[in-house]
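Per-entry structural report
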Amino acid sequence: MELEERMAILVAQEELLTFETFTCEDAWELGKIFVADAMDNDLKIAISIKALSGKTLFHYALEGTNLGNDGWIDRKFRTVQHFEMSTLRYSLFLKKRGATLAERGLDPTQFVACGGGFPIFVEGVGCVAAAMVSGLRDVEDHEVLIRCISKYLLVDDVPRYPID
C-alpha cells in the first residue's frame, strides 16, 4: 500500500471518529472500554486520556506494563497536542518529507513519530483531548485506539490501517 493511501486512511479515521461532546465522564466511559478490550485480548498496555491542557482524565496500566510505557504516553501526548493529528499520521508526514523530529525542531525525548496517540475532536470545536496507548507495536497501539473509539462512538465502517 502506498504512503498516500495510508495517510488517507488515517485522515478518514480522524474525520469519522469525531465526538459531539467530550467531558470527564466521556473520558471515564471511553477509558473503561479500553480497559475491557485490553483485558479481553490479554494486552499488556497502558492507556491514558488527557485534555489538551495536559490534565489527565483517565489512566490505567495493566499488569505487565512499566514506567517506560508512561514515558511513551507522554511523548505521544505531546505530539498529538502539538499537531492535533494522530501520532501515526505525523510519522507518515515526516516519512513523506524525508524528515526527522530533530530536523523539524522537536526534541525526540519529548515527542515521538510512531503510532499510539489519537486526537479527540469535538464537532464545531476542534481538538480537545488525546487518547494514548503504549505497550504493543506502534501500529497495534493505533489499532487499539481505533477499535475502542469506534466502539464508544458506535461507528462501524472505519477504514483500518494495515498492520504489517
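The paragraphs below set out a description of the structure included in this document. (Residues numbered from 1 in each chain as written. Predicted model: local features only at pLDDT ≥ 70, side-chain atom pairs only at ≥ 80, totals over all residues. Heavy atoms only, no water.)

As a further point, take helix α5 (residues 138-153). In this model α5 runs 23 Å from its N-terminal to its C-terminal C-alpha over 16 residues, within 8% of the 22 Å that 1.5 Å per residue would give. Every buried residue of α5 is listed here: Val 139, Asp 141, His 142, Glu 143, Val 144, Leu 145, Ile 146, Cys 148, Ile 149 and Ser 150. Downstream of α5 by one or two residues, Leu 154 has phi in the positive range, about 60°. (Helix = DSSP H or I, 4+ residues; strand = E, 2+ residues; numbered from the N terminus. Expected span 1.5 Å × (residues − 1). Buried < 20%, exposed > 50% of the residue type's maximum accessible area, 1.4 Å probe, protein only.)

Here Asp 42, not a glycine, exhibits a phi torsion of approximately 50°, which is positive. Structurally, Asp 42 is set in the loop between α2 (24-40) and β2 (46-51). We classify Asp 42 as exposed; its relative accessible area is 58%.

With that settled, the discussion passes to the packing of aromatic side chains. Per the counting criterion, the structure on display carries five aromatic pairs. Ring centres 5.5 Å apart and planes at 25° place the aromatic pair Tyr 90 and Phe 93 in the stacked group. A residue pair is termed a helical-turn pair when its members lie 3 or 4 positions apart in one helix, as Tyr 90 and Phe 93 do in helix α4 (residues 87-97) at three residues. An aromatic cluster is defined as three or more aromatic residues linked by ring pairs; in this entry it consists of Phe 19, Phe 22 and Tyr 152. Over the face of the ring belonging to Phe 77 we find Lys 50, whose NZ or CZ atom lies 5.3 Å from the ring centre. (Phe/Tyr/Trp six-rings, centres within 6.5 Å; stacked < 30°, edge-to-face > 60°. Lys NZ or Arg CZ within 6 Å of the ring centre and 35° of its normal.)

As a further point, take the packing of helix α1 (residues 3-16) against α4. For the pair α1 and α4, the least separation of the axes is 10 Å and the interaxial angle reads 150°. By the angle class used here, α1 and α4 are roughly antiparallel. Relative to α4, α1 is oriented so that their crossing is left-handed. Of the residues in α4, those touching α1 at Leu 3, Glu 4, Arg 6, Met 7, Leu 10, Val 11 and Glu 14 are Leu 88, Arg 89, Leu 92, Phe 93, Lys 95 and Lys 96. Tallied by class, residues from the contact of α1 with α4 come to seven nonpolar, no polar and six charged. (Axes fitted to C-alpha atoms, helices over the stretch in contact; angles between N-to-C directions. Parallel < 35°, antiparallel > 145°, perpendicular 65-115°, else oblique. Left-handed = near helix turned anticlockwise from the far one by under 90°. Contact = heavy atoms within 4.5 Å. Nonpolar A, V, L, I, M, F, W, Y, C, P; charged D, E, K, R; others polar.)

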